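# Coordinate inspection notes
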Amino acid sequence: MDKVSIIISKGSLEGVYPGLILANGARMEGIEVNLFFTFFGMDAINKAKYEHLKVATVGNPGLGIPTMVGGLPGMSALVTHQMEKKMEALDIPPIPEFVTMIADSGAKLYACKASVDMFDLERSNFIDEVEAIITVGDFYRMADGGQIIFT
Amino acid sequence: MTTMTLEHTTLEVDAEGYLQKPEQWTRAIGEAIAREMGVTMTDRHWVVCDFMRERFLSTGAAPSIRSLGKDSGVPIKELYQLFPKGPAKMASRIAGIPKPHGCI
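Here's a quick rundown of the structure. (Residues numbered from 1 in each chain as written. Chains lettered and ligands numbered in written order. Predicted model: local features only at pLDDT ≥ 70, side-chain atom pairs only at ≥ 80, totals over all residues. Heavy atoms only, no water.)

## Notes on the overall build of chain A
- A tally of regular secondary structure across chain A gives six helices and five strands.
- Along the chain direction, N to C, the helices and strands of chain A fall in the order β-α-β-α-α-α-β-α-β-α-β.
- Relative to its length of 151 residues, chain A is compact, with a C-alpha radius of gyration of 16 Å against a globular reference of 15 Å.
- Taking the principal axes of the C-alpha coordinates as reference, chain A spans close to 45 × 35 × 25 Å.
- Put simply, 68% of the contacts in chain A that link residues at least 6 apart link residues at least 24 apart.
- On chain A, roughly 7,500 Å² of surface is accessible, and the fraction owed to carbon and sulfur atoms is 58%.
- Between the centroid of the 12 positive side chains of chain A and the centroid of its 19 negative side chains there is a distance of 3 Å. (Helix = DSSP H or I, 4+ residues; strand = E, 2+ residues; numbered from the N terminus. Rg over C-alpha atoms; globule rule 2.2 N^0.38 Å. Contact = heavy atoms within 4.5 Å. Areas by Shrake-Rupley, 256 points an atom, 1.4 Å probe, with all protein chains shown as cover. Lys, Arg positive; Asp, Glu negative; His and termini not counted. Charge placed at Lys NZ, Arg CZ, Asp CG, Glu CD.)

Below is the structure:
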C-alpha cells in the first residue's frame, strides 16, 4: 500500500486513538498518510481541547460500567486517568505528543470545513501542525489512488 | 531457514532480510545491507542504527518510534528524512537486529 487517508470523526479518547495509531503505524511502514479530522474528531487538533480528551463512560458497553454509574461526577476523569497510565506503560504517547509525532513523521493533517463552520471555529483554534481547512471534495482529490479509513 | 551472503559471510535472515543472529553482524555488513536498500550511510544514520542495536542488545527489544525520537538524539522529522520508508524498520535491518514488533 502506498497511501492511506484516515478520517477521525469522534472526540473521545477511545474514539481518537485508533486513527492516530493507524496513522503512525502507516508512516512507520513508509506509507503516505492524510489525516482528516471532522466533527468532534477535531478536538484532537483543537489547541484548547486536545490535552483534555476523555473516555466516554456512558453509552460505552464495552467498558463494563453500568450507564448510571458511568454518569457519576468524576467517573470519566477517573477511567481516563487509568487508561492514560496503562498507555504510558505501553509507550503510547498522550494525544498532544502523538499528534505532533505523527505530523513530524510527514503525515498531513487537515480539518473539515463543514465542521469548522458548524462549530464557529477558525484556523487559529487549531494547532500549528494542521496544514489546512479543506472541503470534502478536496479530501477525495487528496485521497485519490489510496485507501480511505473512517474511524 | 533463509540465508544471505554479504561481505563473504553467510547470514541467517528472515523472509524480509532481517538478521536473525545479531552476533553475525559487522559494520561492513550493515553498510552492505544499507546499500542494498538504497541508503547511503552518514554519521546521522549511524547514530540511529547504533542506538537501536545497543538498545536491542541490552533490553532484548528494539525501541519504539517514540523512544527513538526522544532518546536516540535524532528527532522524528530527521528520522524520516534519513529513513523515508520507515525509520524503525530500515534502521533495525541495517543494525542487524530482528524486525521490531510493536504497533507504536
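## Let's talk about the packing of helix H1 (residues 27-37) of chain B against helix H5 (residues 87-94) of chain B
Residue and element names in this part refer to chain B.
- For the pair H1 and H5, the least separation of the axes is 8 Å and the interaxial angle reads 135 degrees. Judged by the angle between their axes, H1 and H5 are oblique. Where H1 abuts H5, its residues Gly30, Ile33, Ala34, Glu36 and Met37 lie against Met90, Arg93 and Ile94.
- For the contact of H1 with H5, the residue count by class is five nonpolar, one polar and two charged. (Axes fitted to C-alpha atoms, helices over the stretch in contact; angles between N-to-C directions. Parallel < 35°, antiparallel > 145°, perpendicular 65-115°, else oblique. Nonpolar A, V, L, I, M, F, W, Y, C, P; charged D, E, K, R; others polar.)

## Focus: the interface of chain B and chain A
- Taken together, the 15 residues of chain B in the interface contact 17 residues of chain A.
- Broken down residue by residue, the surface that chain B buries against chain A is led by Arg66, Tyr80 and Ile104 of chain B, which jointly contribute 48%.
- Counting across the chain B and chain A interface gives six salt bridges.
- Asp104 of chain A is paired through a salt bridge with Lys77 of chain B; the nearest N and O atoms lie 4.0 Å apart.
- For the pair chain B and chain A, the interface holds six residue pairs in polar contact (both at pLDDT 80 or more).
- For the side of chain B that touches chain A, the elements supplying multiple residues, two or more each, are helix H3 (65-71), helix H4 (76-82) and H5 of chain B.
- Looking at which element gives the most residues to the side of chain B that touches chain A, the answer is H3 of chain B, with four residues.
- A per-class count over the side of chain B that touches chain A returns seven nonpolar, three polar and five charged. (Buried area = accessible area lost by both parts, 1.4 Å probe. Salt bridge = Lys/Arg side-chain N within 4 Å of Asp/Glu carboxyl O. Polar contact = N/O pair within 3.5 Å; in protein donor to acceptor, adjacent residues only side chain to side chain.)

## Re the side chain of Asn24 of chain A
- When you line up the elements, Asn24 of chain A lands in helix H1 (residues 13-28).
- Looking at Asn24 of chain A, the relative accessible area reads 1%, which means it is buried.
- Asn24 of chain A has contacts with Phe98, Met101 and Ile102 of chain A together with Ile65, Tyr80, Cys103 and Ile104 of chain B, leaving out every residue within four places of it along the chain. (Buried < 20%, exposed > 50% of the residue type's maximum accessible area, 1.4 Å probe, protein only.)

## Details of the layout of surface pockets
- In this model, the largest pocket occupies a volume close to 220 Å³.
- Lining the largest pocket we find 18 residues, and of these Ala62, Pro63, Pro100, His101 and Gly102 of chain B sit closest to its centre.
- Along the lines of polarity and charge, the residues of the lining of the largest pocket split into 12 nonpolar, four polar and two charged.
- Lining the second largest pocket are Ile21, Gly25, Met28 and Glu29 of chain A together with Ala88, Lys89, Lys99, Pro100, Gly102 and Cys103 of chain B.
- Contributing elements (two or more residues each) for the lining of the second largest pocket: H1 of chain A together with H5 of chain B.
- Residue composition of the lining of the second largest pocket, by class: five nonpolar, two polar and three charged. (1 Å grid on protein atoms, 1.4 Å probe; cavity = no way out; pocket = protein on both sides within 12 Å on 5 of 7 lines; lining within 4 Å. Points joined across faces, edges and corners; volume = space filled by probe spheres on them.)

## Describing the pattern of salt bridges
All names here are of chain A.
- Counted according to the given criterion, the structure contains 16 salt bridges over all chains.
- Here Lys113 and Asp117 are joined by a salt bridge, their closest N and O atoms 2.7 Å apart. Pair noted here: Lys113 and Asp117 are both in helix H5 (residues 113-118), with a separation of four residues, about one helical turn.
- Of the residues examined, Lys113 reaches a relative accessible area of 35% and is grouped as partly exposed.
- Of the charged contacts in the structure, one is a salt bridge between Arg141 and Asp138, with a shortest N-O distance of 3.0 Å. Of the two residues, Arg141 and Asp138 are both situated in helix H6 (residues 136-143); the distance of three residues between them amounts to about one turn of the helix.
- Taking relative accessible area as the criterion, Arg141 reaches 61% and is therefore assigned exposed.

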